[in-house]
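Chain by chain, the residues:
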Amino acid sequence: MGKYHGHANTVLRPRTTEQVSEIVKYCASQRIGVVPQGGNTGLVGGSISLQKEIVLSLGAMNNVRSFDPVSGILVADAGCILESLSNHVAPYNHIMPIDLGAKGSCQIGGNISTNAGGLRLLRYGSLHGTVLGLEVVLPDGSILDQLSTLRKDNTGYDLKQLFIGAEGTLGVVTAVSILTPPAPQASNNIFLALPHFDNILPLFKTVKRQLGEIMSAFEYIDRTAYDMGIDHGLGPILNPDEVGDAQCFVLVETSGGNQDHDLEKLNNLLENLMSADEPLIYTGTLSQSPSQFASLWAIREGLTECVQREGKPYKYDVSVPLAKFQSVVDAVRERMISKGLYGDHAISKVMGYGHIGDGNLHLNVIAKHGYRPELEAALEPFIYELVASHKGSVSAEHGIGSMKTHALHYSKSDVSIEWMRKIKQVFDPLNIMNPGKVLP
Amino acid sequence: MRPSAIRLLNILVPIKRAVDYAVKIRVNPEQTGIDLNVKHSMNPFDEIAVEEAVRTRERLKDVVKSIKVVSIGPPKAAETLRTALAMGADSATLVELPDAIIERQKDGVDVVIMGKQAIDDDAGQTGQMLAGLMGWAQATFASKVDVDAANKVATVTREIDGGLEELRCRLPVVITTDLRLNEPRYASLPNIMKAKKKPFEKLTPADLGIDFTPRLETLKVAEPANRVGGGKVENVDQLLAKLKEAGITAKRA
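Here goes a summary of the coordinates provided. Quick caveat: nothing in here was measured; it's all calculated off a predicted structure.

### A word on the overall build of chain B
Across its full length, chain B carries six helices and 11 strands. For a compact globule of 253 residues, the expected C-alpha radius of gyration is about 18 Å, and chain B comes in at 23 Å, more than 25% above that figure. Expressed as lengths along the three principal axes of its C-alpha atoms, the size of chain B is roughly 85 × 45 × 40 Å. Contacts spanning at least 24 positions in sequence make up 68% of the contacts within chain B whose residues lie at least 6 apart. Counting only carbon and sulfur atoms, one obtains 51% of the accessible surface of chain B, whose full area is about 15900 Å². When the 38 positive and 35 negative side-chain charges of chain B are each reduced to one mean point, those points stand 3 Å apart.

Right, dumping it as structure tokens:
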């Protein structure tokens, strides 16, 4: 994004866990800060060196250690790229439990350190559930080997949960053992145009009830984001006459074991939606082939790139109640208008899209001609206060990094933050592990 | 003066259910064919043909009386026919068969639009053979189609090696579609719903009085030999030595 710039003058690329251990031991003895870095796809400045700490890149540790096709348990080095892990398990008819737009560059160690959510969380749950074990180099250089491949192991405190989402502030994740689900035999998706945002909640309920266990993703795209996507050539998928003045769009994916069974459920759902007395949707489409399936996903996954092309984006990844998605986006737009900062001269677009099935909104505020302090001042702390007022999270899945340390208190109490500090003190008394991140 | 009666058009679109283009093709262990337990979809060129038929109706409106899609294949080809109905065809016919042969259908067909080739065998001969058997005009590899029903003429621009060629054909005509003719539409939900109610007829070869015994026998299917890697040479002398080794000698001009 070009928003965060690091100050490191040294990058190390170890090949083994032992090397990582030696590096960290040395840094501890010399009080040198260490910034673990994966694929550098983070969005909150969590992997950059703020004060000339050395960057510890895990990219050279990219071996798959083992894969058991019966249980689906994969053990891999932290530097493995997510997409290459997907490709590794694919021939055995398994898939990774997470999937994100950055899959071609992000590394599994980074995914775990940020507790990445992604497009499949609705179906397969979070990494806190699918990660079975970790190998971590602690801030004193010692190696914590909890790389178990056991589904169940209730022997003492589950330390690995601390490192999942700790953003590299408690130790360096060097290997991971993760449960991979079986690949679906049948994948389909539908793209729907809704007249009003108010239809989202009843639509979600109907879809959940009728599709049941085969629903694997439920994504939201507001009208501003959809129009932007069309402008940049994503599509056209839907007939503009049928879309009309639709306020928002939903992409639903199904993954199941039997195509006939899934299609029957989908067709029943679509019949009910179209023939209701007061239809919840204007129109939509059902993918008719694998290439159409990919194109429908490409609309949703391509939005992030379009946003980069429109200008410099202020990105807010928040959790708010489903029913509040549109009002949050509208409130931010109103705010910029009231400050005279809405228009081609400043903020050209305010839009929302995201994993509405998980209550996760990606709010994108586009500064057409670049970041400016007055724009940031108008947005923050306004957005954080707005999210806090809904008892939401100021960072649903992107993490805190260096960008949101000042905003932590909007979603966590002082008691929580105090105890986070105590834990940090226990693991990293010298504060060498990714300093300046997560905790204010 | 009364205007001349507008001739109505019946369009026939034969389509084929083929292995999806994105699938990695593997030869089966018996070496008798390819692994067919993979995703299938409508042959992309046939998708373009259906799209062209629907666009022709959008252009000429009531002049197009009917768009019929037909497929010869296994029962699963019904799904592919339903997709065509959802794109805008009026009715579908499935001739159920374990193997494929050339089909003949007449009775009020003015224009046949079909894909130039199927992506599983790349034979590219069905359209031409059909035109030959019927004694009809043919315009293959079409990149632009204009049908003039009143004058019973189709003007077709086709892609050839040297560029583009324009043909004027008298109806009835067989047109085969090339990639640049159009971009097929997505099936919208209202149309998917309507498609379920459109007429769908199932036939067997016996109903048509045709003998389907194949006249071709596949002896063997095998993957191409593995490519052996090349090597790097240090200088020109080494290159000459390697060329001589390979039996390539210089000839005086």
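### Looking at the pattern of salt bridges
Scanning all chains against the criterion turns up 29 salt bridges over all chains. In this structure, Asp 330 of chain A and Arg 333 of chain A form a salt bridge, with 3.0 Å as the shortest nitrogen-oxygen distance. Of this pair, Asp 330 of chain A and Arg 333 of chain A both sit in helix α12 (residues 325–338), separated by three residues, roughly a single helical turn. Accessibility expressed as a relative area gives 28% for Asp 330 of chain A, which makes it partly exposed. On the basis of relative accessible area, Arg 333 of chain A is assigned to the buried category, the value being 18%. Where Lys 116 of chain B meets Asp 178 of chain B, a salt bridge forms, and the shortest distance between an N and an O atom there is 3.0 Å. Note that Lys 116 of chain B is positioned in the loop between β6 (111–115) and α3 (126–134) and Asp 178 of chain B in the loop between β10 (173–177) and α4 (189–195), a separation of 62 residues in sequence. Judged by its relative accessible area of 16%, Lys 116 of chain B falls in the buried class. Residue classification places Asp 178 of chain B among the buried residues on the basis of a relative accessible area of 6%.

### Concerning helix α8 (residues 223–231) of chain A
Residue and element names in this part refer to chain A. Listed in full, the buried residues belonging to α8 are Ala 225, Tyr 226, Met 228 and Gly 229. Looking straight down α8, one finds its buried side chains confined to an arc of 160 degrees; they lie on one side. Taking the backbone nitrogen of Thr 224 as reference, a side-chain oxygen 3.2 Å away marks Asp 222 as the first, capping residue of α8. Phi turns positive one or two residues past the end of α8, at Gly 233, with a value near 90 degrees.

### Quick notes on a nonpolar patch on the surface
Where nonpolar side chains cluster on the molecular surface, the patch consists of Val 233, Val 236, Leu 239, Leu 240, Leu 243 and Ile 248 of chain B and spans about 500 Å² of accessible area. Here Ile 248 of chain B shows up in the segment after α6 (236–245).

### With respect to the interface of chain A and chain B
Facing 21 residues of chain A, the contacting portion of chain B comprises 16 residues. Among the residues of chain A in contact with chain B, Gln 288, Pro 290 and Gln 292 of chain A are the three that bury the most area, contributing 30% of the side total. Where chain A packs against chain B, one counts one salt bridge. Here Glu 271 of chain A makes a salt bridge to Lys 196 of chain B, at a shortest N to O gap of 3.5 Å. Counting only elements with at least two residues in the side of chain A that touches chain B, the list comes to α10 (259–275), β12 (283–286) and α11 (290–310) of chain A. Grouping the amino acids of the side of chain A that touches chain B by side-chain chemistry returns nine nonpolar, nine polar and three charged.

### Brief notes about the nonpolar core
Counting 97 residues, the largest nonpolar core has Leu 192, Ile 200, Leu 203, Phe 218 and Tyr 316 of chain A together with Val 13 and Val 50 of chain B as the members making the most contacts within it. Top contributing element to this core by residue count: helix α2 (residues 77–87) of chain B, with seven residues. Among the nonpolar cores identified, the runner-up in size contains 41 residues, and Leu 56, Met 61, Leu 82 and Val 137 of chain A belong to it.

About the criteria used
Residues numbered from 1 in each chain as written. Chains lettered and ligands numbered in written order. Predicted model: local features only at pLDDT ≥ 70, side-chain atom pairs only at ≥ 80, totals over all residues. Heavy atoms only, no water. Helix = DSSP H or I, 4+ residues; strand = E, 2+ residues; numbered from the N terminus. Rg over C-alpha atoms; globule rule 2.2 N^0.38 Å. Contact = heavy atoms within 4.5 Å. Areas by Shrake-Rupley, 256 points an atom, 1.4 Å probe, with all protein chains shown as cover. Lys, Arg positive; Asp, Glu negative; His and termini not counted. Charge placed at Lys NZ, Arg CZ, Asp CG, Glu CD. Salt bridge = Lys/Arg side-chain N within 4 Å of Asp/Glu carboxyl O. Buried < 20%, exposed > 50% of the residue type's maximum accessible area, 1.4 Å probe, protein only. Arc of directions from axis to C-beta. Polar contact = N/O pair within 3.5 Å; in protein donor to acceptor, adjacent residues only side chain to side chain. Patch = residues over 30% accessible without salt bridge, like charges linked within 9 Å, V, L, I, M, F, W, Y side chains within 5 Å. Buried area = accessible area lost by both parts, 1.4 Å probe. Nonpolar A, V, L, I, M, F, W, Y, C, P; charged D, E, K, R; others polar. Core = buried A, V, L, I, M, F, W, Y, C linked by side-chain atoms within 4.5 Å.

Limitation: the analysis is restricted to geometry and does not speak to function.
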